[in-house]
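Topology and contacts: notes
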Amino acid sequence: QQGGWILTAAGAAHPQIKANTRPAPKSGEEARRYWIGKLPAYESALLTSIGRSWLSFDQLADATGRSQTSSAFRPAVRNLHELALIELDGDRVRLSEALR
């Protein structure tokens, strides 16, 4: 059940539903790879470089070749945070627990 809808066994067996669904990721790394493939290029580049350990924005910018003073850097970090893909602590980031 999600958002008030219930998927019945008959509905789940429907060919259109089966063709358009995929199993949930089995690990944090699998989930991370999924999101890297779905996100816009900027966010994808950031998520590729963020790991389990805290990184400063300076370190993240250096690792990705992006400028943290660009108009896209902080909004991209914010988008990753709003999607619960990363944790923020001031100007430091790391992967969310679900992706570790």
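Throughout what follows, the structure given in this document is the object of discussion. All residue numbers refer to positions counted from 1 along the written sequence of the respective chain. Selection of residues for local features in this predicted model requires a pLDDT of at least 70, selection of side-chain atom pairs for listing and counting requires 80 or more, and totals for whole chains, interfaces and linings are taken over all residues. Side-chain measures here rest on the full set of heavy atoms in the structure, leaving out hydrogens and waters.

Note on aromatic contacts: the rings of Phe and Tyr and the six-membered ring of Trp form a pair at centre separations within 6.5 Å, being stacked when their planes are under 30 degrees apart, edge-to-face when over 60 apart, and tilted otherwise. Scanning the model with the defined rule gives two aromatic pairs in all. Between the aromatic rings of Tyr34 and Trp35, the centroid separation amounts to 5.7 Å while the plane-to-plane angle is 85°, which identifies the pairing as edge-to-face. Residue classification places Tyr34 among the partly exposed positions, given a relative accessible area of 28%. On the numbers, 5.5 Å between centres and 70° between planes, the contact of Phe57 with Phe73 is edge-to-face. Remark: Phe73 occurs in helix α6 (residues 73–82) and Phe57 occurs in helix α5 (residues 57–64); sequence separation between them is 16 residues. Here Phe57 matches Phe73 in class, with each residue buried. Think of it in three bands: with a 1.4 Å probe and only protein chains considered, a residue is buried below 20% of the maximum accessible area for its type, exposed above 50%, and partly exposed in between. Segments assigned H or I by DSSP are reported as helices when at least four residues long, segments assigned E as strands when at least two residues long, and all are numbered from the N terminus.

Now for the side chain of Gln68. By the secondary structure assignment, Gln68 is in the loop between α5 and α6. For Gln68, a relative accessible area of 18% corresponds to the buried category. In what follows, residue pairs with any heavy atoms lying within 4.5 Å of each other are defined as contacts. Here Gln68 is in contact with Phe57, Asp58, Ala61, Phe73 and Arg74, once residues within four sequence places are set aside.

Here the focus is the pattern of salt bridges. Criterion for a salt bridge: a side-chain nitrogen of Lys or Arg within 4 Å of a carboxyl oxygen of Asp or Glu. Tallied over the full model, the rule gives six salt bridges. Across the pair Glu87 and Arg94 runs a salt bridge whose closest N-O atoms are separated by 2.7 Å. Residue Glu87 is classed as partly exposed on the basis of its relative accessible area, which comes to 23%. Of the charged contacts, one joins Glu87 and Arg100 as a salt bridge, the two residues approaching to 2.7 Å between their closest N and O atoms. Within this pair, whereas Glu87 is found in strand β2 (residues 86–89), its partner Arg100 is found in the segment after β3 (92–95), the two being separated by 13 residues in sequence. One salt-bridge network, in which partners are shared between bridges, spans Glu29, Arg32 and Arg33.

Glancing now at the pairing of β2. What makes two strands pair is DSSP finding at least two bridges between them. As paired elements, β2 and β3 share four bridges and run antiparallel to each other. Residue pairing across strands places Leu88 opposite Val93, the latter belonging to β3. Where β2 folds back onto β3 in an antiparallel hairpin, the turn is made up of two residues, including Gly90, whose phi is positive at roughly 65°.

Scope: geometric values only; no functional claims are made or implied.
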